[in-house]
Amino acid sequence: MSESQLDVLRGKIDKIDEELLILLNKRAKIVESIGKVKETQSTKRYDPVRERQLFDRIAQNNEGPFSTTALQQIFKQIFQVSLELQKDDNRSALLVSRKKKPEDTIVNINGIKVGDGKQQFVMGPCAVESYDQVYQVAEQVKKHGIGLIRGGAFKPRTSPYDFQGLGFEGLEILRNAADAFDLKVISEIMTPSDVEKALDYVDVIQVGARNMQNFDLLKEVGKTNKPVLLKRGLAATIEEFIYAAEYIMSKGNDQIILCERGIRTYEKATRNTLDITSVPILKKETHLPVAVDVVHSTGRRDLLLPAAKAALAIGADLVMAEVHPDPAVALSDSAQQMNFEQFDSFMKAINPCVNVFN
Ligand code: PEP
Ligand code: MN
């Protein structure tokens, strides 16, 4: 075969490839439209019966020289990338996604901004136990120039016999102690019907790990205009976490902080496994600020500082830890709360790490 004959044949192949390219993308556009229809009908994207029909049609119409098996493999590949396309399309439609809104969302907690590039802290006791206890902690939090205080009034405890929190009385204590030092309040609400009343006491509603998929609660906080700190579920994938945030945003509230707090794995050296790379993944996939809770992830006081350093280095917008006047007698999480001296050392060591890598 002469060079020119080869060029002619290759030219024909190039032409066909161009046509195939156009046809494949034409097909892909129809696939996307089908994806949208399936979305409205809540139909499963993968339809094995439909795929079997397409395979049978290939077998009936195949005139060679490709074998039917070879063609079916090629088409299987086309079907798979088509399904991915439907998935991607669905994902890009999420309100929380970076694709939907490329610029960062800044959560404004009555003047304190989370997600504006300045890395922040939220500190406070695990649980609100008394006015005196929270007042002492608030004083320390203020001393370190931190504007956000946390404290649980509704405690999600594994055992029903453990301290369950002071409820609304606890929220009132927290509010009053915080007001004495002009601090903003973050506290967990567990029950949808408590959300409205809680709005009078908190500046940020925390949705705890155990409630990440309490869809009624997510919808309820989504109807408010209070910032929400949404914690990752105990065994939630990043995708499930993102969908939980979507529940909130789909009801109109875009003031959401995502909080990585460790996930349950086979590792027993820590209480949970801090999934540190979830921070850049969440920041890439969504436009929301991301917090890291170094307390409930590690469950170990000796790991609070290295975990907080890692969180700041990897780009977390907010770091959460717990402080108690006397952790040994704390009614919850006594193993990992810091006393005031430890809190001082922690802040002295962590302050130089703030905004170093971003
Ligand atoms: C908390 O922050 O008080 C808490 C209970 O954390 P989590 O929901 O992450 O376990
Ligand atoms: Mn705790």
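These numbers come from a predicted model, not from an experiment. (Residues numbered from 1 in each chain as written. Chains lettered and ligands numbered in written order. Predicted model: local features only at pLDDT ≥ 70, side-chain atom pairs only at ≥ 80, totals over all residues. Heavy atoms only, no water.)

A.B. asks: Hey, could you go over the domain arrangement of the chain for me, with residue numbers and the actual values?
C.D. replies: In many analyses, interface size is given as the accessible surface area lost on bringing the parts together. Splitting the chain by domain gives domain 1 (3–92) and domain 2 (107–353). Its C-alpha centre places domain 1 at a distance of 48 Å from the equivalent point of domain 2. (Domains from an automatic or database assignment.)

A.B. asks: Residue-level account of the pattern of salt bridges, with values.
C.D. replies: Under the defined criterion, the tally for this structure stands at 17 salt bridges. Salt-bridge contacts for R150 lead to E322; the nearest nitrogen and oxygen are separated by 3.2 Å. Linking R150 in strand β4 (residues 148–150) with E322 in strand β10 (residues 318–322), this pair joins segments that are 172 residues apart in sequence. We note that R150, like E322, is buried. Ionic contacts of the salt-bridge type, sharing partners, join the residues R175, D179 and D203 into one network. (Salt bridge = Lys/Arg side-chain N within 4 Å of Asp/Glu carboxyl O. Helix = DSSP H or I, 4+ residues; strand = E, 2+ residues; numbered from the N terminus. Buried < 20%, exposed > 50% of the residue type's maximum accessible area, 1.4 Å probe, protein only.)

A.B. asks: Got a sec to walk through the coordination of the manganese ion (ligand 2)? Specific residues and values, please.
C.D. replies: Geometry reference: four tetrahedral donors at a metal, ideal angle 109.5 degrees. Six octahedral donors, ideal angles 90 or 180 degrees. Those protein atoms acting as donors to the manganese ion (ligand 2) are C126 (SG), H296 (NE2), E322 (OE) and D333 (OD), and they sit at 2.0 to 2.4 Å. Donor residues binding the manganese ion (ligand 2) come from one chain and are separated in sequence as C-x169-H-x25-E-x10-D. Taken together, the residues span a long stretch of sequence, with H296 in helix α10 (residues 294–298) and E322 in strand β10 at a distance of 26 residues. Residue E322 is classed as buried on the basis of its relative accessible area, which comes to 0%. (Donors = N, O, S within 2.8 Å, 3.2 Å for Na, K, Ca; no water.)

A.B. asks: Provide a residue-level description of the site of ligand 1, including the pertinent values.
C.D. replies: Every residue near ligand 1 is listed here: R150, K155, P156, E188, Q206, G208, A209, R210, K231, R261 and H296. R210 places a polar side-chain atom, nitrogen or oxygen, 2.9 Å from an oxygen atom of ligand 1. One nitrogen or oxygen atom from the side chain of K231 is found 2.7 Å from an oxygen atom belonging to ligand 1. In isolation ligand 1 has 300 Å² of accessible area, and contact with the protein removes 96% of it. The pocket occupied by ligand 1, as judged from atoms lying within 2 Å of grid points, is the second largest pocket. When grouped by side-chain class, the residues that make up the shell around ligand 1 number 2 nonpolar, 3 polar and 6 charged. (Near = heavy atom within 4 Å. Polar contact = N/O pair within 3.5 Å; in protein donor to acceptor, adjacent residues only side chain to side chain. Areas by Shrake-Rupley, 256 points an atom, 1.4 Å probe, with all protein chains shown as cover. 1 Å grid on protein atoms, 1.4 Å probe; cavity = no way out; pocket = protein on both sides within 12 Å on 5 of 7 lines; lining within 4 Å. Sits in = over half its atoms within 2 Å of the grid points. Nonpolar A, V, L, I, M, F, W, Y, C, P; charged D, E, K, R; others polar.)

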